[in-house]
Amino acid sequence: MTTHARGRRAIPARYVFFFLVFLMYAISYGDRAALSIALPTMGREFSLTPVQMGWVSSSFLWSYFLLNLPSTIVLDVVGARAIGSLAVGVWSFAMLLGGMAQNITQFLLTRVLLGVGEAPTFGVGATVVRNWAQPRERGSVMTVLLTGMQLGLAGGTIAGAYLITFFGWRCEFMALGGVGIAWALAWWLVYRNPQDKADAAPRKPISMREIRNLFRSSSFLGILVVQCTQNYLNFLVMSWMPLYLIHELHINTTGTGNSTALCYLVAAIGAVMIGRILERLVFRNGIHPPNRRFVVATCLLGAAAIGLLPYFHTMMPILLVLSGALACLMAANGANTALLTDMVQDGGKIGAVTGVTLTCSNSLGLLSPILTGYIVSWTGSFDMAWYMCAAALIIAAGLSLTMVRNPIRMDG
């Protein structure tokens, strides 16, 4: 009876943890959206060209991708409780400083600090899911958690648009920074690592030999290709969508904020529905983790609809294509992340493995806002950027299907 009671208490606890991870993703992407919606106003204040705006949009990634692996190695040793609170606290403090910046150099430094804080974010989420979610539900749980990204982008965009309109972009940054600091305190008070026991064995960090062995696994490489491709499109949309809508539809800041938020909200709902339906179809005859690649590939092909954007120039079809492509992209991200947690044999090092994946994928994501800035500057439109993403997503779907088959071992 005591064991049964303990089990009943554990069920609501894990859902509280999942909800807090969901909020962490929402706050993270709300903070990223703050820059994209503020960029037109900041561009005028600091006299930025499209190319310079691309560099500013990518600035947090400079430290983010460099620290993905080191921060997640520490995460595996220290645990998600301390690292989660520290990470969100650091990036929220960077948001507060960003609102106080008086020139573009100071602002860029705050974005670098923000990247330092955000580096272990997805490692924390993957660790919590691996520790607390049942294998059958990991894909659905991860997809639901990742909708926090879209809701954060929606909330950050629409709240930012109105805060900028009435109070200025500095107020927007400082308000969002305060929200993050409140989350960091709540996480420290609520979350507990499963290993918080007196007899828990000390955990060893991932070794260079184990990292090399990851890259000898075709399954890991297939997952990595998908992560790189979806990250590129994700950062492109996150950085440039408000300016794209202004460019195509000639609407003001609040109109852009409303349209962008609508896309993200519809995409979040669609991602959960798509992910659940496809998982039930793929696993209707039982759990076989490699089969999750069929979910990933199907969603990537749906996301490739982003290549249709150049053919539309009015609001409704543009918003429909964006929403549908983003919904598929998020479902692919959730399924691919769950696929990684399922296929890695040593679950105690999933944080560091996630860090390796993000280091590689974010090095490509780093180029996305910059390259798009050059494309817009050279061609006067976004068309080539959308075509490139569509082609890459189709190729990634094929590679996922052919490469992801065997468990990922790091012991050689």
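Residues numbered from 1 in each chain as written. Predicted model: local features only at pLDDT ≥ 70, side-chain atom pairs only at ≥ 80, totals over all residues. Heavy atoms only, no water.

Looking now at helix H12 (residues 315-343). The terminal C-alpha atoms of H12 lie 42 Å apart, and with 29 residues this matches the ideal 42 Å at 1.5 Å per residue to within 8%. Counting buried residues along H12, 24 of its 29 residues qualify, which places the element largely inside the surrounding structure. (Helix = DSSP H or I, 4+ residues; strand = E, 2+ residues; numbered from the N terminus. Expected span 1.5 Å × (residues − 1). Buried < 20%, exposed > 50% of the residue type's maximum accessible area, 1.4 Å probe, protein only.)

What follows is about the packing of aromatic side chains. What the rule picks out here adds up to 20 aromatic pairs. An angle of 80° between the planes, with centres 5.9 Å apart, marks the rings of Tyr15 and Phe18 as edge-to-face. Of the two residues, Tyr15 and Phe18 both sit in helix H1 (residues 2-46), three residues apart, roughly one turn of that helix. For Tyr15, a relative accessible area of 42% gives the class partly exposed. Grouping aromatic residues by their ring pairs yields a cluster made of Phe17, Trp132, Trp183, Trp187 and Tyr191. One Lys or Arg, Arg14, reaches over the ring of Tyr15 and ends 4.7 Å from the middle of that ring. Over the ring of Trp188 we find Arg81, and its NZ or CZ is 3.8 Å from the ring centre. (Phe/Tyr/Trp six-rings, centres within 6.5 Å; stacked < 30°, edge-to-face > 60°. Lys NZ or Arg CZ within 6 Å of the ring centre and 35° of its normal.)

Turning to the packing of helix H2 (residues 50-78) against helix H3 (residues 80-98), a few remarks are in order. When two helices pack together, you describe them by how their axes are tilted relative to each other and by the distance separating the axes. Two elements in contact, H2 and H3, have axes separated by 7 Å at closest approach and are oriented at 140°. Classified by the angle between their axes, H2 and H3 sit oblique to one another. Mapping the contact onto sequence places Val74, Leu75 and Val78 in H2 and Ala80, Ala82 and Ile83 in H3. Across the contact of H2 with H3, the residue classes tally to six nonpolar, no polar and no charged. (Axes fitted to C-alpha atoms, helices over the stretch in contact; angles between N-to-C directions. Parallel < 35°, antiparallel > 145°, perpendicular 65-115°, else oblique. Contact = heavy atoms within 4.5 Å. Nonpolar A, V, L, I, M, F, W, Y, C, P; charged D, E, K, R; others polar.)

For the rest of this paragraph, the subject is the nonpolar core. Among soluble globular proteins, nonpolar side chains are generally buried collectively. Core analysis: the biggest nonpolar cluster contains 129 residues, and Val128, Trp187, Ile306, Leu322 and Trp386 have the highest contact counts within it. In contact with Trp386, not counting residues within four places along its chain, are Leu233, Leu236, Val237, Tyr244, Ile306, Gly307, Leu309 and Pro310. (Core = buried A, V, L, I, M, F, W, Y, C linked by side-chain atoms within 4.5 Å.)

On to the side chain of Glu248. Mapped onto the secondary structure, Glu248 falls in helix H9 (residues 218-249). The side chain of Glu248 sits in the buried core without any salt bridge; Arg44 is the nearest counter-charge, 17 Å away. Among the polar contacts made by the side chain of Glu248, one reaches the side chain of His313 at a distance of 3.2 Å. Residues in contact with Glu248, not counting those within four places in the same chain, are Phe312, His313 and Ile318. (Lys, Arg positive; Asp, Glu negative; His and termini not counted. Salt bridge = Lys/Arg side-chain N within 4 Å of Asp/Glu carboxyl O. Polar contact = N/O pair within 3.5 Å; in protein donor to acceptor, adjacent residues only side chain to side chain.)

Looking now at the confidence of the model for the protein chain. In this model, the protein chain carries a mean pLDDT of 84, and residues with pLDDT of at least 70 account for 93%. Per-residue pLDDT stays below 50 along residues 1-10; that stretch engages in zero contacts with residues further than four places along the chain or on separate chains. (pLDDT = per-residue confidence, 0-100.)

This part is about the pattern of salt bridges. By the definition in use, this model includes three salt bridges. A salt bridge links Arg292 to Glu279, with the shortest nitrogen-to-oxygen separation between them at 2.0 Å. Remark: Glu279 occurs in helix H10 (residues 253-282) and Arg292 occurs in helix H11 (residues 292-303); sequence separation between them is 13 residues. On the accessibility criterion, Arg292 (0% relative accessible area) is buried. Here Glu279 falls in the buried class, since its relative accessible area comes to 7%. Ionic pairing is found between Arg292 and Asp342, a salt bridge with its closest N-O pair at 2.7 Å. With Arg292 in helix H11 and Asp342 in helix H12, this residue pair connects regions lying 50 residues apart in the sequence.

Attention now moves to the environment of Ala305. Here Ala305 shows up in the loop between H11 and H12. Given the relative accessible area of 26%, Ala305 is considered partly exposed.

On the surface, a cluster of nonpolar side chains totalling about 550 Å² of accessible area is made up of Leu308, Tyr311, Leu371, Met384, Tyr387 and Met388. For the nonpolar patch, the leading source of residues is helix H15 (residues 383-403), giving three residues. With respect to the helices and strands, Met388 occurs in helix H15. (Patch = residues over 30% accessible without salt bridge, like charges linked within 9 Å, V, L, I, M, F, W, Y side chains within 5 Å. Areas by Shrake-Rupley, 256 points an atom, 1.4 Å probe, with all protein chains shown as cover.)

Moving on to the packing of H2 against helix H5 (residues 121-132). The contact between H2 and H5 brings their axes to 8 Å, and the two run at 35°. Only Phe122, Gly123, Val124 and Thr127 of H5 make contact with H2, whose side of the interface consists of Tyr64, Thr72, Leu75 and Asp76. In terms of residue class, the contact of H2 with H5 is made up of four nonpolar, three polar and one charged.

Another aspect to go through is the state of the cysteines. What the rule picks out here adds up to zero disulfides. Cys228 carries a free sulfur, and the closest cysteine sulfur to it, the one in Cys360, is 6.1 Å from it. Of the residues examined, Cys228 reaches a relative accessible area of 15% and is grouped as buried. Not part of a disulfide, Cys328 finds its nearest cysteine sulfur in Cys299, a span of 5.8 Å. (Disulfide = S-S within 2.5 Å.)

With that settled, consider the side chain of Ser85. With respect to the helices and strands, Ser85 occurs in helix H3. Exposure remark for Ser85: the relative accessible area of 11% places this residue in the buried category. In this view, Ser85 contacts Ala184, Trp187 and Trp188; residues no more than four positions away in its chain are not counted.

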